[in-house]
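Listed below, chain by chain, are the residues.
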Amino acid sequence: MKKSKQIFGQHELKEPRKEALFAELHALLSAGLDFSHAFGLLIAGERDEATRHLLQQLFAAVVRGEALCTALEGSGRFSALDCGVVRIGEETGRLDEALEFLADYYRRRVAQRRMVSGAVSYPLVILGTAVVVVIFMVLVIVPMFEQVYSRLGGELPALTRWIIALSRSFPQQLAVGGLILAGAVALYLRFRERDAVQRATAAVLLRLPFVGEILRRNYQASFCKLLYLLTRSGVPLLRGVDMLQGIITFWPYRQSLRDICTGLGRGELFADAMARHTAIYGVRLLTLIRVGEQTGRLPEMLRKQADDLSARLEHSLKQLGTMLEPLLILLVGVLVAVVLIAMYMPMFKLGSAFN
């Protein structure tokens, strides 16, 4: 899906705001109101001035004859997923179902973000505090011990000498590390749209312990939900998979969808085309899709698998918090213990160190 010029916005709406807008519009349309009355009530009930102005601009664009998906895309305030799903709803005559899907999607996304935030916020506060403490100890406390030991003389333990040497070079290392990190972030932001960068980033993320599995489940669930919406709406499978290329933008899945489209165009079975990408879709999902394709119950299989993957994703996020907290606390304890042991180790050998 091509990006159109932004007309009346610069930043994408936040997910809670999207959830509220899509849920309210779905409720109004489901109540039997036509689009004009529903959108008018949506505008009248919006309290935020900037959002109300956005809705007015969207409504004006639709009145001029543009499709709602085109107006959303032109605003620059909605994602490719939003525009693609609304396009599906408009083309299939099931806009209310598309809006319900988006409202539910963002409700789950917001819940997942809150779950992740709750899981990692406390450990990250501990880790951040510990990093500050360790930096203070290396830059301030260690030099004080070094002065005392230098006046007393004697041979220091290897660990103590290493910590003292680290303290001397730490400011330079910290500055160099900060510059390297800033440069890497700047380069990534500059070239992140290139395929090579996206491919490398995806390869790293998918290989990370636990994080890679969470990413797979997230995109597998999105794939199943979106394809279920398409197949249930009567969209041909080939066209539906092709439409997903503009919605699921994570590099491995976007490339796999392109290859699956090519296979379907050659007459391959859907499951056979997906089988070339087992690493990102998983054997279980491929097996269920093969069964659904053979029995003519593909939409039902997709819906059940989407619900199952969403439940497993939420369980994985809870596990993330359960695992992360003790690991970070252990890491903090190890860092502080190493510095303290290194500084006090000479005192345990007063007879030889101060001879």
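Residues numbered from 1 in each chain as written. Predicted model: local features only at pLDDT ≥ 70, side-chain atom pairs only at ≥ 80, totals over all residues. Heavy atoms only, no water.

Q: Summarise the overall build of the protein chain; cite the residues concerned and give the values.
A: Within the protein chain, the regular secondary structure consists of 16 helices and zero strands. Relative to the globule expectation of 20 Å for 355 residues, the C-alpha radius of gyration of the protein chain, 28 Å, shows a markedly less compact shape. Dimensions along the principal axes, computed over C-alpha positions, put the protein chain at roughly 90 × 50 × 35 Å. Buried positions account for 40% of the 355 residues belonging to the protein chain. Considering only contacts within the protein chain whose residues lie at least 6 apart along the sequence, 64% involve residues at least 24 apart. Total accessible area computed for the protein chain in this model is approximately 19,300 Å², and 61% of it derives from carbon and sulfur atoms. (Helix = DSSP H or I, 4+ residues; strand = E, 2+ residues; numbered from the N terminus. Rg over C-alpha atoms; globule rule 2.2 N^0.38 Å. Buried < 20%, exposed > 50% of the residue type's maximum accessible area, 1.4 Å probe, protein only. Contact = heavy atoms within 4.5 Å. Areas by Shrake-Rupley, 256 points an atom, 1.4 Å probe, with all protein chains shown as cover.)

Q: Requested: an account of the nonpolar core, with residues and values cited.
A: With 69 residues, the main nonpolar core has Phe-223, Phe-270, Tyr-281 and Ile-289 as its most contacted residues. Per-element tally for this core: the top contributor is helix H9 (residues 211-232), with nine residues. Once you skip the residues sitting within four places of it in the chain, Ile-289 turns out to touch Phe-223, Phe-270, Ala-271, Met-274, Leu-298 and Leu-302. Formed by 10 residues, the second largest nonpolar core is a distinct cluster that contains Met-137, Phe-145, Ile-163 and Ile-164. (Core = buried A, V, L, I, M, F, W, Y, C linked by side-chain atoms within 4.5 Å.)

Q: Can you lay out unusual backbone geometry for me, pointing to particular residues and giving the numbers?
A: Backbone geometry at Phe-210 places phi at a positive 70°, although glycine is not the residue there. Position of Phe-210 among the secondary structure elements: in the loop between helix H8 (195-207) and H9.

Q: Tell me what's going on with the confidence of the model for the protein chain, and back it up with residues and numbers.
A: Summing up the model confidence of the protein chain, the mean pLDDT is 82 and the portion of residues at 70 or higher is 93%. Across residues 1-9 the pLDDT falls below 50, and counting only partners more than four positions away or on other chains, this stretch makes 24 contacts in the model. (pLDDT = per-residue confidence, 0-100.)

Q: Now, about the state of the cysteines: what can you tell me, with residues and values included?
A: A complete count under the given rule lists zero disulfides for this structure. Its sulfur unpaired, Cys-224 is 16 Å from the next cysteine sulfur, which belongs to Cys-261. (Disulfide = S-S within 2.5 Å.)

Q: How would you sum up the packing of aromatic side chains? Please name residues and give values.
A: Within the structure shown, the criterion is met by 10 aromatic pairs. Here Phe-22 and Phe-78 contribute two aromatic rings whose centre-to-centre distance is 6.1 Å and whose plane-to-plane angle is 50°, an arrangement assigned as tilted. Taken as a pair, Phe-22 in helix H1 (residues 15-30) and Phe-78 in the loop between helix H4 (68-75) and helix H5 (80-92) lie far apart in primary sequence, 56 residues in all. Classification of Phe-22 as buried rests on a relative accessible area of 5%. Among the residues examined, Phe-78 registers a relative accessible area of 10% and is labelled buried. Ring centres 5.3 Å apart and planes at 85° place the aromatic pair Tyr-253 and Tyr-281 in the edge-to-face group. One end of the pair, Tyr-253, is in helix H11 (residues 251-265); the other, Tyr-281, is in helix H13 (residues 278-281), with 28 residues separating them in the sequence. Overall, the relative accessible area of 1% leaves Tyr-253 in the buried class. The structure contains a cluster of three or more aromatic residues connected by ring pairs, namely Tyr-219, Phe-223, Phe-250, Tyr-253, Phe-270 and Tyr-281. (Phe/Tyr/Trp six-rings, centres within 6.5 Å; stacked < 30°, edge-to-face > 60°.)

Q: I'd love a proper account of H11, names of residues and values included.
A: Compared with an ideal rise of 1.5 Å per residue, which puts 15 residues at 21 Å, H11 spans 21 Å between its outermost C-alpha atoms and is within 8% of the ideal. Those residues of H11 that fall on the buried side of the exposure criterion are Trp-251, Pro-252, Tyr-253, Arg-254, Ser-256, Leu-257, Ile-260, Cys-261, Gly-263 and Leu-264. Packing partners of the buried residues in H11 comprise H8, H9, helix H10 (237-244), helix H12 (270-274) and H13. (Expected span 1.5 Å × (residues − 1).)

Q: Tell me about the pattern of salt bridges, and please be specific about residues and values.
A: Opposite charge on two side chains lets them pair, provided their charged atoms get close. Per the stated rule, a full pass over the model turns up 20 salt bridges. Taking the shortest distance from any N to any O, the salt bridge between Arg-168 and Glu-146 comes out at 2.3 Å. Placement of the pair is Arg-168 in helix H7 (residues 158-191) and Glu-146 in helix H6 (residues 95-152), with a sequence separation of 22 residues. As a salt-bridge pair, Glu-300 and Lys-304 come within 3.1 Å of each other at their nearest N and O atoms. Taken together, the positions of Glu-300 and Lys-304, both in helix H15 (residues 298-344) and four residues apart, correspond to about one turn of that helix. Among the residues examined, Glu-300 registers a relative accessible area of 27% and is labelled partly exposed. One network of salt bridges, in which partners are shared, links Asp-259, Arg-266, Glu-268 and Arg-276. (Salt bridge = Lys/Arg side-chain N within 4 Å of Asp/Glu carboxyl O.)

Q: Quick one: what's the story with the side chain of Glu-15, residue by residue and with numbers?
A: Examined against the element boundaries, Glu-15 turns out to sit in helix H1. Under the relative-accessibility criterion, Glu-15 is labelled buried at 14%. If near-sequence neighbours (up to four positions away) are discounted, Glu-15 is found in contact with Tyr-106, Arg-109, Val-110 and Arg-113.

Q: Describe a nonpolar patch on the surface, naming the residues involved and giving the relevant values.
A: On the surface, Leu-159, Trp-162, Leu-330, Val-334, Val-338 and Ile-341 cluster together to form a nonpolar patch covering roughly 540 Å² of accessible area. The set of elements that each furnish at least two residues to the nonpolar patch consists of H7 and H15. When residues of the nonpolar patch are assigned to their parent elements, the largest contribution, four residues, is made by H15. With respect to the element layout, Val-334 can be found in helix H15. (Patch = residues over 30% accessible without salt bridge, like charges linked within 9 Å, V, L, I, M, F, W, Y side chains within 5 Å.)

Q: Kindly report on H5, identifying the contributing residues and their values.
A: For H5, built from 13 residues, the straight-helix expectation of 18 Å at 1.5 Å per residue is met to within 8% by its first-to-last C-alpha distance of 18 Å. Where H5 ends, the next residue or the one after it, Gly-93, has phi of about 75°, a positive value.

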